[in-house]
Amino acid sequence: MKIILGVGGGIAAYKSAELARMLMQQGHQVQAVMTAAAEEFVRPLTFAALTGRKVLTNLFAIESAIEHISVAQEHELLAIAPATADLIAKMAHGLADDFLTTLCLAFTGPVVVAPAMNVNMWQHAATQANLETLRKRGYRMVEPGRGYLACGMTGPGRLAEPEEIVAAIESEARKRHDLEGETVLITAGPTQEPLDPVRFLTNRSSGKMGYALAEAAAARGAKVVLVSGPVHLTPPRGVEVIPVRTAEEMRAKVMENLGPAHIVIKAAAVADFHLSKVPEQKVKKTAARISLELDPTPDILAELGRKKDDRLLIGFAAETQNLVQEARRKLESKNCDMVVGNLVGGADVGFESDQNEVILVLRTGETIPLARASKREIADRIFDQVLKLRLALSAANGR
Ligand code: CTP
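Residues numbered from 1 in each chain as written. Predicted model: local features only at pLDDT ≥ 70, side-chain atom pairs only at ≥ 80, totals over all residues. Heavy atoms only, no water.

### Some remarks on the packing of helix 5 (residues 85–93) against helix 8 (residues 125–136)
- Close contact between helix 5 and helix 8 brings their axes to 9 Å; oriented N to C, the two are set at 50°. If you check the angle between helix 5 and helix 8, you find them oblique. For the pair helix 5 and helix 8, the crossing hand works out as left-handed. Here helix 5 contributes A85, I88, A89, M91, A92 and H93 to the contact with helix 8, which in turn contributes T127, N130, L131, T133 and L134.
- Of the residues belonging to the contact of helix 5 with helix 8, the class tally is seven nonpolar, four polar and no charged. (Axes fitted to C-alpha atoms, helices over the stretch in contact; angles between N-to-C directions. Helix = DSSP H or I, 4+ residues; strand = E, 2+ residues; numbered from the N terminus. Parallel < 35°, antiparallel > 145°, perpendicular 65-115°, else oblique. Left-handed = near helix turned anticlockwise from the far one by under 90°. Contact = heavy atoms within 4.5 Å. Nonpolar A, V, L, I, M, F, W, Y, C, P; charged D, E, K, R; others polar.)

Quick look at the structure:
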């Protein structure tokens, strides 16, 4: 694979030389790009000797004015190690004042970031916010290790070991194509069930988990159809979005698009009840008290369970208690292959949050907890498990 290795100006830059050597040894082609600060710690000659290529440093000392663009286009993955607090801030905000940061903006492939810095700089709210921005953008973080730092302090901030960075680079590269040729049908967001022309019943779903899944699937090469309830989110790039409002509309669009789908994920929080005869005029405040008589909406997931054939069907279970039992009950009753269970009602994960913490309940009987992470990161972990599950199920069926 053709990899760009961006080297930031930190003491850990010397470890990046070891990383370059290991990547070369694995058979990759490595183009080192150093910031001016990095050159203060390690000489470009070190990287040139290890990679067999001229190291790119100064934006204005190169042969062509558009070299950063051609370098971006010719390479498949960008790894930044060490990523200093300054580099991370520049990447998060799109600043581009040298070769490496300009290249970061021009690069469209997967990006692996291995931060290294002083513990206070790492814990600073600005750095954490910038890291979150990059995570949400789909960048893969190789978290720094804890330990004794060059500044004399102890804590998180030490560049991850080169072996760990190589493993992240290779897994990121594999992921790029593992859903190629597949069609993934995803539902997201709440539904709105009208009570009259101006009022409706809905729930707290923001759609973020479903949108993160759509973005992850598209990044891994899938054709993605996203049937979305009303949300305030930007559609992910390259995803076909079909907007719907009610459970009935969602059901119709899901069934219409089921044919070519290989994987179906029902992340939407579909309303369970609706008013089957919606008054044509606004309901007036005449009575002292009113009660609503509601009918069940179609259970889309259950219907998919009956029609699934050899598709993989993934449901969601948002619960306030007995998470695993409830998720397993839904898996069985709706004939799913996996149910993603998440506890809702807490303060900072679930519904409107950017983070999530879930438990995957699988048809094989396994239960896999996914530790708290951004929804985009959780989305990738879910697809990792979906693909593993497919292998396990086809092995079990002797196919
Ligand atoms: N679902 C659906 N159609 C519905 C209701 C739910 O497709 N009318 C799907 C959701 O998209 C989700 C899963 O079913 O994937 C949730 O299961 P469900 O049993 O509906 O969960 P709850 O509504 O929370 O059920 P309960 O109230 O019984 O816990």
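### Re the site of the ligand
- Taken together, 15 residues surround the ligand, and among them K266, A268, D272, L301 and F316 come closest.
- For the ligand, an oxygen atom lies 3.1 Å from a polar atom in the side chain of K334.
- Within the complex, 77% of the 580 Å² of free accessible area of the ligand lies under protein.
- Of all the secondary structure elements, the ones that give two or more residues to the shell around the ligand are helix 12 (300–307), strand 16 (312–319) and helix 13 (323–333). (Near = heavy atom within 4 Å. Polar contact = N/O pair within 3.5 Å; in protein donor to acceptor, adjacent residues only side chain to side chain. Areas by Shrake-Rupley, 256 points an atom, 1.4 Å probe, with all protein chains shown as cover.)

### Comments concerning helix 13
- Within helix 13 the residues assigned to the buried category are L323, E326, A327 and L331. Down the axis of helix 13, the buried side of the element spans an arc of 140°, and every buried residue falls inside it. Away from the buried face of helix 13 by more than 90 degrees, exposed residues Q325, E332 and S333 are located.
- Contact partners of the buried residues in helix 13: strand 16, strand 17 (338–343) and strand 18 (355–362).
- Immediately beyond the C-terminal end of helix 13, within one or two residues, lies N335, with a positive phi of roughly 55°. (Buried < 20%, exposed > 50% of the residue type's maximum accessible area, 1.4 Å probe, protein only. Arc of directions from axis to C-beta.)

### Some words on the domain arrangement of the chain
- We note that the domain assignment places domain 1 (2–146 + 161–175) and domain 2 (183–276 + 285–396) within the chain.
- Taking the mean C-alpha position of each, domain 1 and domain 2 sit 36 Å from one another.
- With six residues of domain 1 at the contact, the number on the domain 2 side is 10 residues.
- Each partner contributes to the roughly 690 Å² buried at the junction of domain 1 and domain 2, and carbon and sulfur atoms together form 42% of this total.
- On inspection of domain 1 and its partner domain 2, the count reaches zero salt bridges.
- Across the contact surface, domain 1 and domain 2 share zero residue pairs in polar contact (both at pLDDT 80 or more).
- Partitioned by chemical class, the residues of the side of domain 1 that touches domain 2 number no nonpolar, one polar and five charged. (Domains from an automatic or database assignment. Buried area = accessible area lost by both parts, 1.4 Å probe. Salt bridge = Lys/Arg side-chain N within 4 Å of Asp/Glu carboxyl O.)

### Quick word on the pattern of salt bridges
- All chains considered together, the criterion is met by 26 salt bridges.
- Two residues, R381 and D384, come together in a salt bridge whose shortest N-O distance is 3.3 Å. With R381 and D384 both in helix 14 (residues 375–396), this residue pair falls three residues apart, about one helical turn.
- The class for D384 is partly exposed, based on a relative accessible area of 24%.
- Salt bridges sharing partners connect three or more residues here, namely D178, E215, R220, R376, E377, D380, R381 and D384.

### Notes on the side chain of R311
- Within the secondary structure, R311 sits in the loop between helix 12 and strand 16.
- Overall, the relative accessible area of 12% leaves R311 in the buried class.
- At 2.9 Å, the side chain of R311 forms a polar contact with the backbone oxygen of A261.
- Within the local environment of R311, its side chain forms a polar contact with the backbone oxygen of K307, the two atoms lying 3.3 Å apart.
- Excluding residues within four positions of it along the chain, R311 makes contact with L258, G259, A261, H262, V264 and D337.

### Looking at the layout of surface pockets
- What the largest pocket holds in volume is close to 860 Å³.
- Every residue lining the largest pocket is counted, 37 residues in all, and those nearest its centre are A268, A269, V270, F316 and A318.
- Secondary-structure elements contributing two or more residues to the lining of the largest pocket are helix 10 (208–219), helix 12, strand 16 and strand 17.
- Residue classes in the lining of the largest pocket are distributed as 19 nonpolar, 11 polar and seven charged.
- The calculated volume of the second largest pocket comes to roughly 720 Å³.
- What lines the second largest pocket is a set of 30 residues, and nearest its centre among them are T108, G109, R137, Y139 and R237.
- Broken down by secondary-structure element, the contributors of at least two residues to the lining of the second largest pocket are helix 5, helix 6 (99–106), helix 9 (162–175), helix 10 and helix 14. (1 Å grid on protein atoms, 1.4 Å probe; cavity = no way out; pocket = protein on both sides within 12 Å on 5 of 7 lines; lining within 4 Å. Points joined across faces, edges and corners; volume = space filled by probe spheres on them.)

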